[in-house]
Amino acid sequence: MNLTTETAKQWLLAAGRDMQENKGYLSELDQAIGDGDHGHNMARGFAEVEKKIASKTYDDVGGVVKDASMTIISKVGGAAGPLYGTAFLKASGVWKGKAEVSDEEFAEGLKAAIDGIAQRGKSEQGQKTMLDVWIPVLQEAEKGNIEAEQLAQTAKEAMEKTEGIEAKKGRAAYLGERSIGHLDPGAYSSYLLFEALVEAIEAGGEANG
Amino acid sequence: MAKVSTVVVSHSRQLADGVIELINQTKQEDVIVIAAGGTEDGGIGTSPDLISEALKKADNPAGTVVLFDLGSALMNTEMALDMLDELEGEVVIADAPIVEGAYVSVVEAGMGKALKEVQESVEKAKKWNKKT
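- For chain B, the name recorded in an unreviewed UniProt entry is phosphoenolpyruvate--glycerone phosphotransferase, with Sinobaca qinghaiensis as its organism.

- An unreviewed UniProt entry annotates chain A as phosphoenolpyruvate--glycerone phosphotransferase of Sinobaca qinghaiensis.
- Of chain A, the UniProt comment under Pathway (unreviewed entry) reads exactly: "Polyol metabolism; glycerol degradation."
- Recorded under Subunit (unreviewed entry), the UniProt text for chain A is reproduced unchanged: "Homodimer. The dihydroxyacetone kinase complex is composed of a homodimer of DhaM, a homodimer of DhaK and the subunit DhaL."

This is how it looks when you write it as structure tokens:
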């Protein structure tokens, strides 16, 4: 996978479009087991990211991802703010100074992001959270020879599996067993993020070819 | 002598300000209580930037007790603490209901108690039986 600084920027912009398009659906998922603000928060946060990064020139993948993280931390009031913000911040540290990120470095960035999410949310895999998508995606990425489409497919399957998990974190945890049968909103927005990577990689390939 | 400060973090600006309004009736003049409620644009949520500002205002050598209302308020408080480095006093996050907790916090601070003692008393407010 060819993840250049420009591709990383396009990734974040594509993610913003996807969050905007799925705003209603994300909030619907969140209304069932949370407080119903996830679509609004993600769409708003990524709209601010777009404002921040769209017209700015970056030298490294870490720089653009860090700007996104600081914007999300400042502008997203719900749980998604500190969680996505920390994820991007940790990944940006690994990708700092790199105009292009290798498959191995991409996986290292994901690993750092996951450690950040787990620490910030005091969470682990199997608790019906975004980690239930990020961890399988990391495992796929660690195999090497990364194909964005394969990552997105892994993310989709992992997201769908959250339907059968009982929530242990966030407001959904109050519902206990009643949270089973609903998709996790954070898992769904994470799937959208990895889906957006496919769009950015494809667009980057066309631009280069 | 410096007294322990209190910061109240809530998803709602009005709720945080309301707690301060209530507590101001009880507290001594030299005890500092600061609200950090809502997002920057006044919406529902919490903001690490607003929490950082509140922590800086409350900062003193005796330290600060932070009270928070719901889950992501804790995450954003921890985030604010990660980003701040130049505070004079120690900051502790107390696990307690915000109204009762803030009340105990300012009363104990007013008596000149140390940070850990104030925190301990504040966290006992979780088990108050209010009907007897």
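Still more ground to cover, so stick around.
1. What about the sheet that holds strand 3 (residues 64-68) of chain B?
All names here are of chain B.
- Judged by pairing direction, the sheet is parallel, and its four strands sit side by side in the order 2-1-3-4 without closing on themselves. Every interior strand has two partners, whereas the edge strands, strand 2 (33-37) and strand 4 (91-94), have only one. Each adjacent strand pair in this sheet contributes to an overall mean axis angle of 20 degrees, direction not counted.
- Relative to strand 2, strand 1 (residues 5-10) runs parallel, the two being bridged by five bridges. By the bridge assignment, V8 is partnered in strand 2 with A35.
- Sheet strands in contact with helix 4 (residues 98-110) are strand 1, strand 2 and strand 3, and its direction is about 165 degrees off that of strand 3.
- The sheet strands contacting helix 5 (residues 115-124) are strand 3 and strand 4, and the helix crosses strand 4 at an angle near 10 degrees.

2. Re the packing of aromatic side chains
Residues and elements named next belong to chain A.
- Inspection of the entire model under this criterion finds seven aromatic pairs over all chains.
- Judged by centre distance (4.9 Å) and plane angle (75 degrees), the ring pair of Y25 and Y188 falls under edge-to-face. With Y25 in helix 2 (residues 23-33) and Y188 in helix 9 (residues 185-208), the pair connects residues that are 163 residues apart, well separated along the chain.
- Ring pairing ties together the aromatic residues W11, W95 and F106, which thus form one cluster.

Conventions adopted
- Residues numbered from 1 in each chain as written.
- Chains lettered and ligands numbered in written order.
- Predicted model: local features only at pLDDT ≥ 70, side-chain atom pairs only at ≥ 80, totals over all residues.
- Heavy atoms only, no water.
- UniProt positions renumbered as here; feature names shortened; annotations may be inferred.
- Pairing = 2+ DSSP bridges.
- Helix = DSSP H or I, 4+ residues; strand = E, 2+ residues; numbered from the N terminus.
- Axes fitted to C-alpha atoms, helices over the stretch in contact; angles between N-to-C directions.
- Contact = heavy atoms within 4.5 Å.
- Phe/Tyr/Trp six-rings, centres within 6.5 Å; stacked < 30°, edge-to-face > 60°.

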